[in-house]
Every structure is written in structure tokens, then in C-alpha cells.
Amino acid sequence: MTVQLDARPPVAPKADNPHRSSGRLSRLDTRFSPYLYIAPFFLLFAVFGVYPLAYTFWVSLHDWDLLGAEHPFVGAENYTRLLADADFWHALVNTLGIFVISTVPQLLAALWLANLLNRGLRARTGWRMAVLVPNVTSTAAVAIVFGVIFGREFGMINWLLDLVGLDAIGWKSNRFASWVAISAMVDWRWTGYNALILLAAMQAIPRDLYESASIDGANRTRQFWSITVPLLKPTIIFCAIIATIGGLQLFTEPRLFHSGTNPIRGGPMRESQTLTMYMFENAFAPHYNFGYGSAVAWLLFALIAIVAAVNVLLLRRLGGGNRPEKKAAR
Amino acid sequence: MSRLWRASPLTYLALLVAAGLSVFPIWWMFVVASRSSDAMGQLPPPMTPGGNLGANIARLFDNTDAYFLTGLINSTIVATTVTVSVVLFSSLAGFAFAKLRFRGRNALLLVIIATMMVPTQLGVIPLYLLMTRLQWNDRLPAVIVPALVTGFGVFMMRQYAGQAVSDELIEAARMDGCGTARIWWHVVLPALRPAAAVLGLLTFMTTWNDFLWPYAVLNDPANPTVQLSLRALSDGYYQDMSQVFTGTAIATLPLLLVFVLFGRQIIGGIMEGAVKA
């Protein structure tokens, strides 16, 4: 994101305005009213944004039971306990697994979809709306619907598998299968959204680049990988980071995919419990251990930062930077 | 421009498949919502609406575990309040950041951008403790007040105000003796209307859709948002799926309605945001 921080010279209403009855008042106005306008944001944000953030860290250093009268300071104990907690690592692997098998196909499909939408189409807006509609539905509702589509007995996917002669899959009881089902939900929701963002960037690529490439004999596939993809790099990185932040925080989809006695665990054997679900399980019902939950929250934050940084490093290399001709045509 | 950019029949076919996959789960949700409960056990699954919608709606609103009507009313209150507040405060702050000079402006703007990167989960626990202290637990202010401003809104309005409002216009208004407040109201706000509309739509949809924070703070089953009603429905021990699907369909309907009416603006907003990113 490039933020334009420069500005025009200030509009300076010198006191020589004859219509002004009190020049001093207006000077006070120009000087202080900006603070008045941004104050609501900063006041509300300080109380409900910054304070909770810092306080999470403070809580994570305590043995903080909701029902306990005292909250003794325990230092890093919550963190050391967490690092030795098998359920934490299990949730971490779930989160990363779901993240990887959802993000990669999602971005590839979005790229392909954007390429399709970038042609001279009839009913352009109609196609764009159709691919975006999953993004504007209720996440909770969709998670419930997908939970039924991926049902064991009467689910549509297993029925389709049966039609082609394959065995039914326990989408909620098999760990890897539940990752796939949840990734399908995430991809369904976000592919069209990413496609539109990539489409906007594609339309900014000058078309004579393609003209000259095709005169040089490059076919469409070659053009796509040698011109489009390298020039889209910043936007692809942007999409990947947004997907990372969202993917690692996943909560509503896996939580509502499961129902029954203890859905916050993501299935009887914690098949698809994500880190956010694990944080909830510890911080709220049934454990109400706020200190431990806060430690999970901070480690989740650290994880997001690390994965986002790795993303940037990996994607920087995409398309070979300034020398797109070194990339082999596929 | 030639034939490279022409859409072939194959392009349309591929798009048709993509569009079909996008729309299908929503379509099927409405199909099941309008049928009797045994629609769920039928294979092949039914693909056309039935005539049971009215009966399902009646049962849904009679269901004493879900408090669905309360959920709908609560979500309407929350989403409307938050939308009005976000649009108002964002256009105020966005105007200040784009058009007014003041000490610390750049640093404060960076703070706002930084806030957009922080995951909500990080604040859930202390926010919950804060709500306990304020005795807002299980009450709507707990959901409304923390959402009244967003960094995204301020940033978006600042970007838009930067190009939509010319400095000359502001200068002229000042020459005529307008104070900053009147400039905001008479000059800036009208110019920001398109961006305010998009921000309002996106905010309404996000707020209506929110699950995580209401789930944490509204523990009283009798006072849910509509998404929490859905959770109560789907976690219930009975499996009356046509009733559950009627609930999901009704919860999705306002979002689809907004999208059908303002889809063009929403798409424009998303694509424009991308170019600036």
C-alpha cells in the first residue's frame, strides 16, 4: 500500500479578510478543529482498540481465572505451558494446513477467473456480480449449509462420489477431509473477491505490451505467465497478505461446521480446531482461563506476522522480478 | 485489441461453471428452506423450491430456543447504528486527514493504518473483561460501541476526499467566511457521497455478518444477534434442517437484497480500492 503522505501547502486564510468579524476565532478554528474531527476515532479506538491490545499482554502474564478473586502474576508461565501443550500444536497444524490448502488454490483460481473476466464480455457486470455473490452472504449461514453438503449420510458430495463409484468420506471425522471441506468454504467465499481485485490491476496493464508480444510470437499462455503475472506481483502480494490474515484467524466456518456436544473443539478428536477456536475454548466456556487464552492470542498474532513476512519474501521472487523472459512458459 | 481480447465460447462456458458454483449453495439453501424436513434425506437432492416456506417460517419464529425474531431486530439495530456512526466519523476524520494541516498528521495517519493490520482476536479477552466491568455483557452496547469507528473507514474516506474535493473549492468557501465545520457539511460531505455509500454498504454487511465478537459477549440465549440465533438453531439437538435452512435464508436475505440493489457500487468500491492498494 503506498500512502501518499505529502500534501499541498496549507490553505492560509490571512487575517486580511474584510468579511470576517473575528479573525482570531477563525484562526483558532483552522488550528484546532482538525483535532476535533479526528478525536472520535482516536478516543473510541484508544478505549476499545489500543487498551485491549496492551491489556491482552498483561493478562497473559497472569494466572487469570474469571471466577478467581485473585490473579497472581506468573510471568511467562502461560507461554511455556502453551509451548508444551499438544492441543495447541495440534490446533496450530490444523490452522496452517487449512490455510495452505485454501489459499493456494484460491489465488490460482482467482488469477484464472480474473483473466477470463478481462475479455470483451457481454453482460460484464452480471458476471462480476455472479462471482462476487458468495462474498456477500452470511458466513454463519454458509458454514451451516456447507456442513450439510459435506454430511456423512445424506451429504451431496458423498452422493456425487457414490455416483462415480467412490467410497463415502467422513468429512467431519477425518482430519484431512475436514480441512478440505473447510477450505472449500473459504475458497467459495473469497475467490471471486480476489478475482475482482486482480482484474482491476490487470486492466491497468497497457495492452500494447500484449500486442508486441503476440507479434513476437508469444501465445496466450506465454503472455499470461511472462507479462500478466509479473506485472501483477504487487497486487498478488496484497491478496496473499489479506488471505493470510483472514486464513489464520479462521473461526466462524470451522466452528459452525461442527455441531453437537462440544463444537468449539472442532470435532471429537479436534479434527479441525483452529487456533482461534482453541483460544475461545480456553478463554471462555468451558475453561474460563483468561491468562492462558491471552497467551494463545499473542502467539496467534506472532504467527500471522511471521507468515505474512514469509509470503512477501516468497512472492517477491515470483516471475523473476524485472526479467520476465527468464521465466519458462508453461 | 484484436482477437486476443475477444471472449470465445469457451470463455463463456468457463464463466458459466464458475458462476454456477458461486450461486449453487445459495440456491440450494432456498430450495431446502421451502421444503419439508424430509427433503434432506432425499437422494438425488431436490433442486426446485417446494411449497413449505410459510410453514417453515412459522415454526422458526415459534421456536423458543432460537429467539429468531429478537435476533433479527437486534441485528438491524446494531448494523444500522454502526453503519451511520462509521460513515459519519470516517468522513469527518478522512476530511481532516486529506484537507487540513495540523501537527502530527502523518504520524496519526500511520497509527490508523497500523490498526488495520491487527487481528480482532487479540482484543477479545480484555474487551470482554472491560464489558464485564461496564456491565454491558449480554447487552447490545457491548456489540455496538467497539465497532463505532474503523481504521479502514477513515483511510478509505481520506483517499477519496484527497481527489474528490479540490483545494480551490475549500479555499473559496473559506474566503466566503465559512468555518471548517460548515465547509465539511456544505462542501465536503456532498462530494464524498459516492464513497460514503460504498463504505456504508460494506460496513452494514460486515456488521450484519459478524459472529466472533457477539458470540463471545452475548451469552444470554434470549438476546442474540441473528447469526447467534443460527448457531442456536444448528447446535440444537433436533435436526429439523428445513427450519434451520429457513433461518439461514432469512439471515442471508438482507445481504443479498443490498447486493442486488447496489452490486455495481460494491464492485466498483472493491476494484477501486485495489488499484490504490
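Residues numbered from 1 in each chain as written. Chains lettered and ligands numbered in written order. Predicted model: local features only at pLDDT ≥ 70, side-chain atom pairs only at ≥ 80, totals over all residues. Heavy atoms only, no water.

Participant: In this structure, what is going on with the pattern of salt bridges? I would like to understand it.
Facilitator: A side chain with one charge can pair with a side chain of the opposite charge if their charged atoms come near. Within the structure shown, the criterion is met by six salt bridges over all chains. For arginine 59 of chain B, the salt bridge identified is with aspartate 240 of chain B, shortest N-O distance 2.3 Å. Taken as a pair, arginine 59 of chain B in helix α2 (residues 53-62) and aspartate 240 of chain B in the loop between α12 (226-235) and α13 (241-276) lie far apart in primary sequence, 181 residues in all. Through salt bridges with shared partners, a single ionic network connects Asp87, Arg270 and Glu281 of chain A. (Salt bridge = Lys/Arg side-chain N within 4 Å of Asp/Glu carboxyl O. Helix = DSSP H or I, 4+ residues; strand = E, 2+ residues; numbered from the N terminus.)

Participant: Would you mind going over helix α5 (residues 121-134) of chain B with me for this structure?
Facilitator: Note that an α-helix has 3.6 residues per turn; residues three or four places apart therefore point the same way. With 14 residues, α5 of chain B extends 20 Å from end C-alpha to end C-alpha; this agrees with the ideal 20 Å at 1.5 Å per step. The largest bend along α5 of chain B measures about 25° and falls at leucine 127 of chain B. With respect to burial, α5 of chain B is a largely interior element, 11 of its 14 residues being buried. For α5 of chain B, the set of buried residues is Gln121, Leu122, Gly123, Val124, Ile125, Pro126, Leu127, Tyr128, Leu129, Leu130 and Met131 of chain B. As for α5 of chain B, its buried residues are in contact with α1 (23-60), α12 (275-283) and α13 (290-316) of chain A together with α6 (141-144) and α11 (212-217) of chain B. Where α5 of chain B ends, the next residue or the one after it, glutamine 135 of chain B, has phi of about 60°, a positive value. (Expected span 1.5 Å × (residues − 1). Bend = angle between axes of the 7 residues up to and from the residue. Buried < 20%, exposed > 50% of the residue type's maximum accessible area, 1.4 Å probe, protein only. Contact = heavy atoms within 4.5 Å.)

Participant: Before we go on, may I ask you to explain the nonpolar core in this structure?
Facilitator: Soluble globular proteins tend to pack their nonpolar side chains together in the buried interior. Counting residues in each nonpolar core, the largest one holds 187 residues, and the members touching the most others are Phe280 of chain A together with Trp28 and Phe245 of chain B. Residues lining this core come from more than one domain, with at least three contributed by each of domain 1 (1-50) and domain 2 (54-275) of chain B. (Core = buried A, V, L, I, M, F, W, Y, C linked by side-chain atoms within 4.5 Å. Domains from an automatic or database assignment.)

Participant: Is there a simple way to think about the packing of helix α9 (residues 220-231) of chain A against helix α10 (residues 233-248) of chain A in this case?
Facilitator: For any two helices packed against each other, the geometry is given by the interaxial angle and the distance between the axes. All names here are of chain A. The geometry of α9 relative to α10 is characterised by a closest axis approach of 4 Å and an angle of 60° between their N-to-C directions. Classified by the interaxial angle, the pair formed by α9 and α10 is oblique. Facing α9, whose interface residues are Val229, Pro230 and Leu231, α10 presents Lys233, Pro234 and Ile236. (Axes fitted to C-alpha atoms, helices over the stretch in contact; angles between N-to-C directions. Parallel < 35°, antiparallel > 145°, perpendicular 65-115°, else oblique.)

Participant: Would you take a moment to explain the UniProt feature "transmembrane region" (unreviewed entry) in chain A for this structure?
Facilitator: Residue and element names in this part refer to chain A. In the numbering used here, UniProt assigns the "transmembrane region" (unreviewed entry) feature to residues 35-58, 88-117, 129-150, 231-251 and 295-315. Secondary structure within residues 88-117 divides into 100% helix and 0% strand; the distance between the first and last C-alpha atoms comes to 42 Å. Segment residues 129-150 splits into 68% helix and 0% strand. End C-alpha atoms: 26 Å apart. (UniProt positions renumbered as here; feature names shortened; annotations may be inferred.)

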